[in-house]
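# Analysis of the macromolecular model
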Amino acid sequence: MFKRRKTDRMPDGASPQDVAAYRRAWHSYVARRNLVVVLFLSFIFLGFMIGKLKLGEPADFAILLGWIGVYLAGGWWLTEWRCPRCGKVFGHRLWTQRCISCDLSKDEVATMARGK
Ligand SMILES: [Zn+2]
């Protein structure tokens, strides 16, 4: 048997099914977050490319608008991430640390997903 450290705040009676659900939710979250980070970084690259290519203002504008659309879609997808404990939308802001419905923190989800 394993010992629980005092700092761990595991929900009482966590079943293997719960752990599996948390793990799935966490992987889903990481994928979404990474996508948003990649999109954000690509914006810097895109700005650099636009400056170099000199396609003209209408084309630059169209590229930027298209990219902003993709970024907003990625950001929306991230905010649509569901809390594994209460099943509701975790938060409406991108970097919310705690579930707006049940106060579960992302750290707790990550701890549970890693399993012990
Ligand atoms: Zn919740």
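Please refer to the structure placed before this passage.
We now turn to the structure provided with this report.

About the cut-offs
- Along each chain, numbering runs from 1 in the same order as the chain's sequence is written.
- The predicted origin of the model limits local features to residues at a pLDDT of at least 70 and limits the giving and counting of side-chain atom pairs to 80 or more, whereas totals for whole chains, interfaces and linings rest on all residues.
- Among buried residues, those of type Ala, Val, Leu, Ile, Met, Phe, Trp, Tyr and Cys that are joined through C-beta atoms within 7 Å form a set called a nonpolar core.
- Whether a residue is buried, exposed or partly exposed is read from the other C-beta atoms within 10 Å of its own C-beta, which are placed from the backbone; 20 or more gives buried, 12 or fewer gives exposed, and intermediate counts give partly exposed.
- Helix and strand definitions here come from DSSP, where helices need a minimum of 4 consecutive H or I residues and strands a minimum of 2 consecutive E residues; each element is numbered from the N-terminal end.
- By the convention adopted here, residues are in contact when the distance between their C-beta atoms, placed from the backbone, does not exceed 7 Å.
- Axis geometry follows a simple rule: fit a line to the C-alpha atoms, using only the stretch in contact for helices, then measure angles between N-to-C directions, giving values from 0 to 180 degrees.
- Just so you know how the angles are binned, under 35 degrees is roughly parallel, over 145 roughly antiparallel, 65 to 115 roughly perpendicular, and the rest oblique.
- Throughout this entry, Asp, Glu, Lys and Arg are counted as charged residues, while Ala, Val, Leu, Ile, Met, Phe, Trp, Tyr, Cys and Pro are counted as nonpolar. The remaining residues, Gly among them, count as polar.

Here the focus is the nonpolar core. Formed by Tyr-22, Ala-25, Tyr-29, Val-109 and Met-112, the largest nonpolar core amounts to 5 residues. Counting residues per element, the ones that place at least two in this core are helix H1 (16-53) and helix H3 (106-114). With 3 residues, the single largest contributor to this core is H1. Setting aside chain neighbours within four positions, we find Tyr-22 in contact with Pro-84, Val-109, Met-112 and Ala-113.

Inspection of the secondary structure puts Glu-108 in helix H3. The sequence separation of Glu-108 and Arg-98 amounts to 10 residues, and the corresponding C-alpha distance is 9.5 Å.

At a closest axis distance of 9 Å, the pairing of H1 and helix H2 (residues 57-79) adopts a crossing angle of 170 degrees. With respect to their mutual orientation, H1 and H2 come out roughly antiparallel. Across the interface between the two elements, Arg-32, Arg-33, Leu-35, Val-36, Leu-39, Phe-43, Leu-46 and Ile-50 from H1 touch Asp-60, Ile-63, Trp-67, Val-70, Tyr-71, Gly-74, Gly-75, Trp-77 and Leu-78 from H2. The class makeup of the residues in the contact of H1 with H2 is 12 nonpolar, 2 polar and 3 charged.

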